[in-house]
Amino acid sequence: MMLRLSQRLAGSAACTAIFVALISTSAPLLISSAQAETPASAKAVVENYSNIAEAGYQDAHTAAVALQAKIKDLLASPSDATLSAARDSWKASRVPYMQTEAFRFGNSIVDDWEGKVNSWPLDEGLIDYVSKDYGSESPENEFYAANIIANPSLTIAGKKVDASKITKELLSETLHEAGGVEANVATGYHAVEFLLWGQDLNGTKPGAGARPATDFDLKACTNGNCDRRAAYLSAVTELLIDDLAWMAGQWGKEGEARKAVMSKPDTSGITAIFTGLGSLSYGELAGERMKLGLMVHDPEEEHDCFSDNTYNSHYYDALGMQNVYLGSYKRIDGTVVSGPGIGELVKLKSAEADTRIRAALDTTKAKMTAMVERGKTEAYDVMIGEGNAEGNATVQAAIDALVGQAKEFERGVAALGLKAITFEGSDSLDDPSKVGAEEKKG
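The shown structure was predicted, so the numbers you read here are calculated from the model rather than taken from an experiment.

Quick look at the overall build of the chain now. For the chain, the count of helices and strands is 16 helices and eight strands. In the chain, buried positions account for 55% of the 442 residues. Long-range pairs, those at least 24 residues apart, make up 74% of the contacts in the chain with a sequence separation of at least 6. Split by element, the accessible area of the chain, about 18,000 Å² in all, is 51% carbon and sulfur.

The structure is reproduced here in structure tokens:
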């Protein structure tokens, strides 16, 4: 029986926070320079922020549509080649999406929605067959090994559920987070990832998931229920496309997310930007996604754990934060969305703070790039493995850069004189003693 450590720590880690107590200001924030003919306001910064968000989610949607095309090819003609193409397309779809995570924590619309598309870790036994080592039950999750694909009928909250037809509605409205358990992830990128790769049974040794293409072959089916597995993969991919289209719309000209930040750009808008940057940099990425797994040397705490794509996802998270601060985003078609970034507001108030933040962003990018380079020959779960001194150090250097970056974001908040801002925290950074000795052994 395996229990996800991040689930065991849920409630404590999520509540930890960094508090930045600062003096408020009601003066409008302006960008001025000798070169600028017209100073840009906080309104212009927040509008550009919204434009980048809209473009990022549109790109994520476009990449998901491309993924769907490759999945259709796989299901029409299962082979090593079509499976490999679908996997490559899944990895490509993560590139624009991960850059949007900088919009998450400061915007409730995004944060409330995010669990539909990027929840992790997941108890994969909910979805499909798993190895015997996975176990058959968990005291924390009655659906730990429910195996939706193999069972056309389930009982949830004492009621029988007809799962004979796998639909988007079944996955999103009934099965996702069934029983109120966050590990029951039935939708999103990681459900698709699991179906394309299967379990990674290599621990902290080389190798990703190795699901055979014949798991989708109706004529030469392996591991049973190939028709239902194909139906699940089709439905969950279409649902991902729907969800991304919805979020792109929220950042459109009449979208609710855009309206929320534009309603008071000097206060709520600028606060949303820095809340998202600080929370992703510190508690979420440095803490929950990186430090926790490194502390316990646990591949189950790897973000893209089935595909071994984690180092790339971390890199694009970091790039997304740089995009927001600098006010520029390169789209997947090569065009660039750009305008005044929050950095220009900071520079107006404190050139030193802006210089330090930009230097911190560059340091983070360099450390993430080093991790990506190492990832070309050594997977992330191998990097965090116990006894891998060089790999551990590479990951720790990226964590340290993210923590330092978050501290510099605090400096930027102070320069702008904003009211108290709360950054998400993590026990792995704030109170490592709560990550018990038993869990540290893995």
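There is more to say after this.
Once that is clear, we can look at the packing of aromatic side chains. According to the stated counting rule, one finds 11 aromatic pairs in the structure shown. Considering the side-chain rings of F194 and F306, the 5.2 Å spacing of their centres and the 45 degrees angle between planes classify their relative orientation as tilted. Note that F194 is positioned in helix α6 (residues 189–197) and F306 in the loop between α9 (265–296) and α10 (310–326), a separation of 112 residues in sequence. Residue classification places F306 among the buried positions, given a relative accessible area of 3%. When the ring of F274 is compared with that of F409, the centres are 6.2 Å apart and the planes differ by 65 degrees; the resulting orientation is edge-to-face. With F274 in helix α9 and F409 in helix α14 (residues 389–416), this residue pair connects regions lying 135 residues apart in the sequence. For the residue pair F274 and F409, the accessibility class agrees, reading buried in each case.

The geometry of helix α12 (residues 351–375) relative to α14 is characterised by a closest axis approach of 8 Å and an angle of 160 degrees between their N-to-C directions. Classified by the angle their axes make, α12 and α14 are roughly antiparallel. Between α12 and α14 lies a crossing whose hand is left-handed. Here the residues of the contact of α12 with α14 are counted per class, giving 14 nonpolar, six polar and six charged.

Our next topic: the confidence of the model for the chain. Across the chain, the average pLDDT comes to 89, with 89% of residues at 70 or higher. A low-confidence stretch, residues 1–27 (pLDDT under 50), is modelled with 81 contacts involving residues beyond four sequence positions or located in other chains. The model gives residues 31–37 a pLDDT under 50, and that stretch makes nine contacts with residues more than four places away or in other chains.

One finds Y232, W251, I270, F274, L277, M290 and I342 to be the most contacted residues of the largest nonpolar core, which totals 110 residues. The leading source of residues in this core is helix α2 (residues 42–76), at 13 residues.

Turning next to the pattern of salt bridges. Considering all chains together, one arrives at 22 salt bridges under this definition. Measuring nitrogen to oxygen at the nearest pair gives 2.7 Å for the salt bridge that ties D111 to R104. Classification of D111 by relative accessible area gives partly exposed; the value is 29%. The closest approach of N and O atoms between E284 and R104, which form a salt bridge, is 3.7 Å.

With an omega dihedral of -15 degrees, the bond running from W120 to P121 counts as a cis peptide bond. Counting through the fold element by element, P121 comes out in the loop between α4 (108–118) and β4 (153–156).

Only one face of β4 is covered, namely the one carrying L154 and I156; the face carrying S153 and T155 has none of its residues buried. Examined bridge by bridge, β4 and strand β5 (residues 159–162) share four bridges and lie antiparallel to one another. Across the sheet, the residue bridging to T155 is K160, located in β5. Connecting β4 to the next strand, β5, in antiparallel fashion are two residues, including A157 with a positive phi near 55 degrees.

Taken together, the buried positions of helix α5 (residues 168–175) are occupied by L170, L171 and L175. Buried residues of α5, viewed axially, fall in a sector of 95 degrees; they line one side. Where α5 is buried, its residues touch β4, β5 and α7 (226–250).

Its place among the elements puts T82 in helix α3 (residues 80–99). Within the structure, the side chain of T82 is placed 2.9 Å from the backbone oxygen of S77, a separation counted as a polar contact. A polar atom in the side chain of T82 sits 3.0 Å from the backbone nitrogen of S79. In contact with T82, other than residues within four places in its own chain, are K70, D73, L74 and S77.

Each value, and the rule that gives it
Residues numbered from 1 in each chain as written. Predicted model: local features only at pLDDT ≥ 70, side-chain atom pairs only at ≥ 80, totals over all residues. Heavy atoms only, no water. Helix = DSSP H or I, 4+ residues; strand = E, 2+ residues; numbered from the N terminus. Buried < 20%, exposed > 50% of the residue type's maximum accessible area, 1.4 Å probe, protein only. Contact = heavy atoms within 4.5 Å. Areas by Shrake-Rupley, 256 points an atom, 1.4 Å probe, with all protein chains shown as cover. Phe/Tyr/Trp six-rings, centres within 6.5 Å; stacked < 30°, edge-to-face > 60°. Axes fitted to C-alpha atoms, helices over the stretch in contact; angles between N-to-C directions. Parallel < 35°, antiparallel > 145°, perpendicular 65-115°, else oblique. Left-handed = near helix turned anticlockwise from the far one by under 90°. Nonpolar A, V, L, I, M, F, W, Y, C, P; charged D, E, K, R; others polar. pLDDT = per-residue confidence, 0-100. Core = buried A, V, L, I, M, F, W, Y, C linked by side-chain atoms within 4.5 Å. Salt bridge = Lys/Arg side-chain N within 4 Å of Asp/Glu carboxyl O. Pairing = 2+ DSSP bridges. Arc of directions from axis to C-beta. Polar contact = N/O pair within 3.5 Å; in protein donor to acceptor, adjacent residues only side chain to side chain.

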